[in-house]
Amino acid sequence: MVKNILFLFDVDGTLTPARQKISHEMLKFLKLLRQHVKIAFVGGSDLVKQKEQVSNDILDFFDYSFPENGLSFYSGNKLIKSTSIIDYLGESNIQNVINDTLSFLSKIKLPFKRGTFIELRTSMLNVSPPGRTCSMEERKKFYEYDKIHKIRKSYCQFMKNKHKNMTFSIGGQISVDVFPNGWDKTYCLRHLIPSRLRDYNSLKEAVSSYNEVTPLNDVTPLKEAVSSYNEVTPLKDVVSSYNEIIDRSCNKDCKITNSLRNHVNCQEMCMAGNQTIQSDKIEQGEQNTQQGDKIEQNTEQNIEQDDQNIEQNSEESQEDLVSEIFFFGDMIEEGQNDYELMQHPLVTGVPVKSPEDTMLKCKEILKSKGLF
């Protein structure tokens, strides 16, 4: 019986060696794995490159597929959604990014440079200082060179100062993925768990609004409470911790505190049959002060915007597709392209060092859940 659990895999370094073919052993393992849990992949490359590495029938191996960080979303063989970076940014903004990139690359001296320094994909630009046409041996040489001289890190810092609305994420051995903020690998969560994502964003916005008006004496426990929100810790339990922190940190008669408590307590969270956390009903709180009203109004606007963003980016039902997500990746340092998804509070991150390590970690998790 397949559980409503998802094993989500990065491609390079996780399912395959970097830019190399997947092993027969891994393909066989994925088929076995799919008998116990749902499986999916998410990667920065487009589907063409992922087919080269895994199989022309790659979509048949996975329940869900997320090329280009999930800006393209497949359920089985069916394309559900695809979003274009050109449509989103416009030609002028794209050219500004390209021109600044070429300016940076023209000023650096490397042991070698080949060709295809910028590759336009559907949802991102892929920038490669040595050029994507370099050989496998040259890839390895640049990777070692970059560890010492930090070429890609320097590029990211240079570009971030000029384009603050863009993310520059180091990936693989030779490249940097460039995309609008929020289009990292966490984007795939909009398709997988839209309901839980809305609830999480609602709580996060409430916390943010409260801290801006009345800073808590100690916000660390509050941040920990928000971070702990996952399938094991339902949102209602986080709200309970939240109220305890408010009581401990602020005068109980403070009207701003009461306003925030009304906002949080008015949402009764429940676990539905599929373990999806949903908002059940909203009760009318006590009358707030004018300052408290602003907090609630701003928070509701942010929640509505979150809902609109998720609806715009998924044509699937707004029901969550899975109840629990394990993400396996190898580029886990800050600034690398697995970092954000590995750290997301709604995901259990599983760092791996190689495809062999991936299989080992999968088996360990299955055994811990009595599935293997």
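Just so you know, these numbers come straight off a predicted model, no measurement behind them.

A.B. asks: Explain the overall build of the protein chain to me, and be specific about the residues and the numbers.
C.D. replies: Of regular secondary structure, the protein chain possesses 15 helices and 13 strands. Look at the contacts in the protein chain between residues 6 or more apart in sequence, and 65% of them connect residues 24 or more apart. Accessible surface, the protein chain as shown: approximately 17500 Å² in total, 46% of it carbon and sulfur.

A.B. asks: Which residues make up the side chain of Thr-358, and what values go with them?
C.D. replies: Positionally, Thr-358 belongs in helix H15 (residues 355-368). Residue Thr-358 is classed as buried on the basis of its relative accessible area of 1%.

A.B. asks: Describe the sheet that holds strand E5 (residues 78-82), naming the residues involved and giving the relevant values.
C.D. replies: The strand order across the open sheet formed by seven strands is E5-E4-E3-E2-E1-E12-E13, and the pairing between neighbours is mixed. Each edge of the sheet is formed by a strand with only one pairing partner; in this case those strands are E5 and strand E13 (348-351). Direction aside, the axes of adjacent strands within the sheet are offset by 20° on average. Here strand E2 (residues 37-42) pairs with strand E3 (residues 64-66) via three bridges, running parallel. Along E3, the bridge assignment pairs Val-42 with Phe-66.

A.B. asks: Would you mind going over the sheet that holds strand E8 (residues 166-171) in detail, with residue names and values included?
C.D. replies: Within the open sheet, the four strands sit side by side as E6-E7-E9-E8. Their pairing is antiparallel. Sheet topology places strand E6 (118-120) and E8 at the edges, where each strand pairs with a single neighbour. Each neighbouring strand pair of the sheet contributes to a mean axis angle of 25°, computed without reference to strand direction. When E6 meets strand E7 (residues 125-127), the two strands line up antiparallel, connected through three bridges. Within E7, the position partnered with Glu-119 by the bridge is Asn-126.

A.B. asks: Talk me through helix H5 (residues 91-107); I want residue IDs and the actual numbers.
C.D. replies: For H5, which comprises 17 residues, the first-to-last C-alpha distance of 25 Å matches the rise-based estimate of 24 Å (1.5 Å per residue) to within 8%. For H5, the complete set of buried residues consists of Ile-94, Val-97, Asp-100, Thr-101, Phe-104 and Leu-105. Buried residues in H5, looked at end-on, bunch into an arc of 135°, giving them a common side. Of the exposed residues in H5, the ones pointing more than 90 degrees away from its buried face are Ser-92, Ser-106 and Lys-107.

A.B. asks: Lay out the nonpolar core in plain terms, naming residues and giving numbers.
C.D. replies: By size, the foremost hydrophobic cluster in this structure holds 30 residues, and its most contacted members are Phe-7, Phe-9, Leu-33, Phe-62 and Phe-328. Broken down by secondary-structure element, the contributors of at least two residues to this core are strand E1 (3-9), helix H1 (24-33), E2, helix H3 (58-61), strand E12 (324-329) and H15. Among the elements that make up this core, the one with the highest residue count is H1 (five residues). Residues in contact with Phe-328, not counting those within four places in the same chain, are Phe-7, Leu-8, Phe-9, Asp-10, Thr-14, Val-350, Val-352, Thr-358, Lys-361, Cys-362 and Ile-365. Counting residues in hydrophobic clusters, the runner-up holds 29 residues, among them Phe-104, Ile-108, Phe-112 and Tyr-187.

A.B. asks: An account of the pattern of salt bridges is needed here, citing residue identities and associated values.
C.D. replies: This model, assessed by the stated rule, comprises 13 salt bridges. Counted as one network, the salt bridges with shared partners bring together Asp-46, Lys-49, Glu-119, Arg-121, Arg-132 and Asp-177.

A.B. asks: Describe the packing of H5 against helix H7 (residues 151-162), listing the residues and the values that go with them.
C.D. replies: Across the interface, H5 lies against H7 with an axial gap of 11 Å and an inter-helix angle of 140°. Considering the angle they form, H5 stands oblique to H7. Seen from above, H5 lies across H7 with right-handed handedness. Facing H5, whose interface residues are Val-97, Asp-100, Thr-101 and Phe-104, H7 presents Ile-151, Ser-154, Tyr-155, Phe-158, Met-159 and Lys-162.

A.B. asks: Lay out the UniProt feature "binding site: Mg(2+)" (unreviewed entry) in the protein chain in plain terms, naming residues and giving numbers.
C.D. replies: Listed under "binding site: Mg(2+)" (unreviewed entry) in the UniProt record, and renumbered for this structure, are Asp-10 and Asp-12. For Asp-10, the location among the structural elements is in the loop between E1 and H1. Beyond its immediate stretch of four places on either side in the chain, Asp-10 contacts Leu-15, Val-42, Lys-185, Phe-327, Phe-328, Gly-329, Asp-330 and Asp-338. At a separation of 2.9 Å, a polar atom in the side chain of Asp-10 contacts the side chain of Lys-185.

Rules and cut-offs
- Residues numbered from 1 in each chain as written.
- Predicted model: local features only at pLDDT ≥ 70, side-chain atom pairs only at ≥ 80, totals over all residues.
- Heavy atoms only, no water.
- Helix = DSSP H or I, 4+ residues; strand = E, 2+ residues; numbered from the N terminus.
- Contact = heavy atoms within 4.5 Å.
- Areas by Shrake-Rupley, 256 points an atom, 1.4 Å probe, with all protein chains shown as cover.
- Buried < 20%, exposed > 50% of the residue type's maximum accessible area, 1.4 Å probe, protein only.
- Pairing = 2+ DSSP bridges.
- Axes fitted to C-alpha atoms, helices over the stretch in contact; angles between N-to-C directions.
- Expected span 1.5 Å × (residues − 1).
- Arc of directions from axis to C-beta.
- Core = buried A, V, L, I, M, F, W, Y, C linked by side-chain atoms within 4.5 Å.
- Salt bridge = Lys/Arg side-chain N within 4 Å of Asp/Glu carboxyl O.
- Parallel < 35°, antiparallel > 145°, perpendicular 65-115°, else oblique.
- Left-handed = near helix turned anticlockwise from the far one by under 90°.
- UniProt positions renumbered as here; feature names shortened; annotations may be inferred.
- Polar contact = N/O pair within 3.5 Å; in protein donor to acceptor, adjacent residues only side chain to side chain.

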